[in-house]
Amino acid sequence: MRRLEPAAITGVMSREVANFRTFWKSTVFSSTVEPIVYLLAFGLGLGATIVTQIDGLDYVEFVGTGMVATAVIFSSVFPAMFGTFVKHRFQNTYDAILAAPVDVEELVTAEMLWIGLRAAVFGCFPLLITILFFGLDPEWGMFLVPFFCFVTSLGFAGFGIAVAGTVAKIDQFNYVTTLLITPMFLVAGTFFPIDELPEGAQVVANFNPLYQLVELVRAAAFGFEATDLIRLGVLILFAFVAWRIAIRQLTKRLID
Amino acid sequence: MAAIELRDVVKTFGAIRAVDGLDLEVAEGLCLGLLGPNGAGKSTTMRLLTGQAIADSGELRVLGHELPGGAKDARAEMGVVPQLDNLDIDVTVEDNLRIFARLYRCGDVPAAVDRALDLARLQDRRRDAVDELSGGMRRRLLVARGLIHEPKLVLLDEPTVGLDPQIRAQVWDLVGELRAQGTTILMSTHYIEEAERLAEEVALMAKGRIIARGRPDLLIAEHAGERTAEVYAPPERRAKVRAEAEAAGLSVRPAGPAIAIVGAERATNGVVPDDAVLRPASLEDVFVLLTGEELE
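A quick note: this is a predicted structure, and the numbers were derived from the prediction, not measured.

K.L.:
Would you explain the nonpolar core in this entry?
P.N.:
Considering soluble globular proteins, one finds that nonpolar side chains tend to be buried as a cluster. Grouped together as the largest cluster of nonpolar side chains are 171 residues, with contacts concentrated most on Val 68, Leu 213 and Val 217 of chain A together with Ile 148 and Ile 261 of chain B. Lining this core are residues from two domains, each supplying at least three of them: domain 1 (2–219) and domain 2 (225–280) of chain B. In this structure Leu 213 of chain A touches Val 68, Ala 69, Val 72, Phe 148, Thr 152 and Leu 235 of chain A, once residues within four positions along its chain are discounted.

Right, here's the structure in full:
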């Protein structure tokens with residue numbers, strides 16, 4: 001049998017869809033309401049008091065376009081980390097799937113694709129809300145935002161799966177969340193530009209995939225530049241590397 | 001062609017040799033019971049056959065496919081019923097089956113699902129979530145899921161462990177149906193009755209190896225004779241009876257609070273006490289005699 005068979009991948013994804021149908025309401029609710037809360041708090045709260053404009057943009061538009069990255073990371077890395085761990089360690093789901101003609105490479109690919117597709121949809125909610133309720137003008141470039149979200153969330157899904165395949169206990173996720181995810185989320189240009197950070201921090205921020213996504217979304221809203229192709233390339237590379245590491249780590253965990 | 005061929009297979013986990021030079025061949029159409037206590041290597045053997053464990057050395061071939069490289073092809077023709085219940089409990093019965101019909105590449109998914117529902121006798125529960133089912137229904141669904149693609153070979157890993165007698169009987173009925181259809185079955189178990197009832201042949205496994213194999217009745221006749229006498233007595237008397245029986249050339253094994261004199265029909269007068277309880281010799285007698293270990 002061939003590698004990366006579509007039937008195996010779609011079969012695994014069909015399982016995710018079947019399960020998602022049982023809890024989609026709560027997930028969609030939080031993915032819709034949470035960005036509204038952030039936008040109200042930061043966009044209108046800060047935007048009406050301390051910060052009115054950043055780089056020529058109204059602060060609510062700055063935050064609204066930046067929040068896309070927040071939605072992407074929260075709807076990709078955490079489901080990947082916790083979902084993978086729970087399915088493997090507590091539900092023995094992967095034992096069932098790997099008893100069928102599915103290998104770990106196909107399993108990981110399917111999980112990443114499913115998380116990527118979901119996060120691509122959820123990532124657009126903050127942008128839509130900013131357009132509908134906070135006056136952001138829609139632009140044709142914004143049709144590329146779901147694709148940017150999809151590519152980025154593939155990378156974070158792979159990262160999350162790799163972490164789940166590495167840790168021994170579920171509470172060890174706290175280290176990853178505190179040391180990596182929270183700093184990435186905060187220093188991505190979502191709530192403030194990175195230009196004012198110390199030079200070293202700016203260099204590090206450039207390696208943050210979320211920052212690349214934020215810049216791409218703002219470019220989609222306010223005008224692309226040639227360097228945006230490089231940003232997209234970085235995200236594609238991140239997704240590819242995360243994919244291969246996720247396969248390796250999960251194989252070590254699942255195959256004795 | 002044998003359905004399963006293992007030659008000199010070794011699998012270690014650190015310092016533990018879970019499978020230690022295992023030789024095992026299962027002919028097509030045979031139902032073989034793999035009988036042994038916990039830690040004998042049964043589950044590791046099952047995982048080696050599905051490619052979920054990779055042997056350190058040895059040759060493995062399943063349905064003509066060499067493992068581990070051909071494991072995915074082998075799994076396409078093989079069904080697995082796991083020890084642990086790993087159904088998707090929030091998902092409906094038919095969706096659980098539909099997912100695996102797709103994973104096993106069934107040509108006609110709706111027909112495969114209907115067939116599996118018939119096998120599990122869950123047609124009228126198809127739209128219920130799995131967590132609404134009783135334990136017996138869930139176990140039947142687990143079996144049906146492993147058979148949804150009508151595999152040539154079925155691996156049953158401790159199919160009735162932890163189940164109450166009523167549910168166990170339901171699972172035995174399903175396995176009996178599979179046997180009648182000529183499906184090759186490898187069933188691991190540590191329940192003597194299960195092995196004797198369902199398996200045409202039994203392979204006794206201990207410390208990662210097969211120590212004896214054959215039809216249950218022939219194994220018993222060869223190693224344990226016809227009858228076993230169990231003597232329930234205080235330790236001092238048990239020791240005395242044991243010494244006398246062994247001096248008479250009989251095998252004696254521990255049996256919980258008693259001792260069991262195997263092959264009691266060959267005993268001379270006085271060796272078997274009058275208050276001994278006589279029963280037919282069993283596979284457990286064979287196992288304990290050959291390994292010195294008791295089945296839990």
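K.L.:
What is the right way to look at the environment of Gly 123 of chain A in this model?
P.N.:
Relative to the helices and strands, Gly 123 of chain A is located in helix α6 (residues 104–134). Beyond its immediate chain neighbours, meaning those up to four positions away, Gly 123 of chain A contacts Val 68, Ala 71, Val 72, Cys 149 and Ser 153 of chain A.

K.L.:
For this particular structure, what's the right way to read the environment of Gly 160 of chain A?
P.N.:
Residues and elements named next belong to chain A. Within the secondary structure layout, Gly 160 lies in helix α7 (residues 145–164). Among the residues examined, Gly 160 registers 30 C-beta atoms within 10 Å and is labelled buried. Placed 121 residues apart in sequence, Gly 160 and Leu 39 show a C-alpha to C-alpha distance of 26 Å.

K.L.:
Which parts of the structure should I look at to understand the sheet that holds strand β3 (residues 31–35) of chain B?
P.N.:
Whether parallel or antiparallel, the strands of a sheet pair through hydrogen bonds between backbone atoms. All names here are of chain B. Reading across the sheet, the six strands line up as β6-β7-β8-β3-β9-β10 and stay open at both edges, with mixed pairing between neighbours. At either end of the open sheet lies a strand with only one pairing partner, and these are β6 (78–81) and β10 (209–214). Within the sheet, the average angular offset between the axes of one strand and its neighbour, ignoring direction, is 15°. By the bridge criterion, five bridges tie strand β7 (residues 153–157) to strand β8 (residues 184–189) in an arrangement that is parallel. Looking at β8, one finds that Asp 157 is bridged to Ser 188. Running at roughly 35° to strand β9 (residues 201–206), helix α10 (residues 283–291) makes contact with β3, β9 and β10 of the sheet.

K.L.:
I keep staring at the interface of chain A and chain B and nothing clicks. Help me out?
P.N.:
Many analyses report the size of an interface as the accessible area lost when the parts associate. With 23 residues of chain A at the contact, the number on the chain B side is 23 residues. Looking at the side of chain A that touches chain B, the elements that each hand over two or more residues are α1 (6–20) and α5 (93–98) of chain A. For the side of chain A that touches chain B, the leading source of residues is α1 of chain A, giving seven residues. When its residues are assigned to classes, the side of chain A that touches chain B shows 12 nonpolar, seven polar and four charged.

K.L.:
Would you mind going over the pairing of strand β2 (residues 16–27) of chain B with me for this structure?
P.N.:
Both faces of the sheet carry side chains from a regular strand, because those side chains alternate between them. Note: strand β1 (residues 2–13) of chain B against β2 of chain B, nine bridges, orientation antiparallel. If you follow Ala 2 of chain B over to β2 of chain B, its bridge partner there is Ala 27 of chain B.

K.L.:
Looking at this structure, how should I read the domain arrangement of chain B?
P.N.:
Assigned domains of chain B: these are domain 1 (2–219) and domain 2 (225–280). The C-alpha-based centres of domain 1 of chain B and domain 2 of chain B are spaced at 38 Å.

K.L.:
For this particular structure, what's the right way to read the environment of Leu 44 of chain A?
P.N.:
One can find Leu 44 of chain A in helix α2 (residues 24–49). Taking the C-alpha atoms as reference points, Leu 44 of chain A and Tyr 59 of chain A, 15 residues apart in sequence, are found 8.1 Å from one another.

K.L.:
Is there a simple way to explain unusual backbone geometry in this structure?
P.N.:
With the exception of glycine, the majority of residues adopt a negative phi angle, and the majority of peptide bonds are in the trans configuration. All names here are of chain B. With an omega dihedral of 10°, the bond running from Leu 67 to Pro 68 counts as a cis peptide bond. Tracing the chain through its elements places Pro 68 in the loop between β5 (65–67) and α2 (71–76). A positive phi is found at Arg 121, a non-glycine position, where the angle reads about 55°. With respect to the element layout, Arg 121 can be found in the loop between α4 (109–120) and α5 (135–146). A residue is classified by how many C-beta atoms lie within 10 Å of it, and Arg 121, with 16 of them, is partly exposed. Here Glu 150, not a glycine, exhibits a phi torsion of approximately 50°, which is positive. Within the secondary structure layout, Glu 150 lies in the loop between α5 and β7. With 14 C-beta atoms packed within 10 Å, Glu 150 lands in the partly exposed category.

Conventions adopted
Residues numbered from 1 in each chain as written. Chains lettered and ligands numbered in written order. Predicted model: local features only at pLDDT ≥ 70, side-chain atom pairs only at ≥ 80, totals over all residues. Core = buried A, V, L, I, M, F, W, Y, C linked by C-beta atoms within 7 Å. Buried ≥ 20, exposed ≤ 12 C-beta atoms within 10 Å, placed from the backbone. Domains from an automatic or database assignment. Contact = placed C-beta atoms within 7 Å. Helix = DSSP H or I, 4+ residues; strand = E, 2+ residues; numbered from the N terminus. Pairing = 2+ DSSP bridges. Axes fitted to C-alpha atoms, helices over the stretch in contact; angles between N-to-C directions. Nonpolar A, V, L, I, M, F, W, Y, C, P; charged D, E, K, R; others polar.

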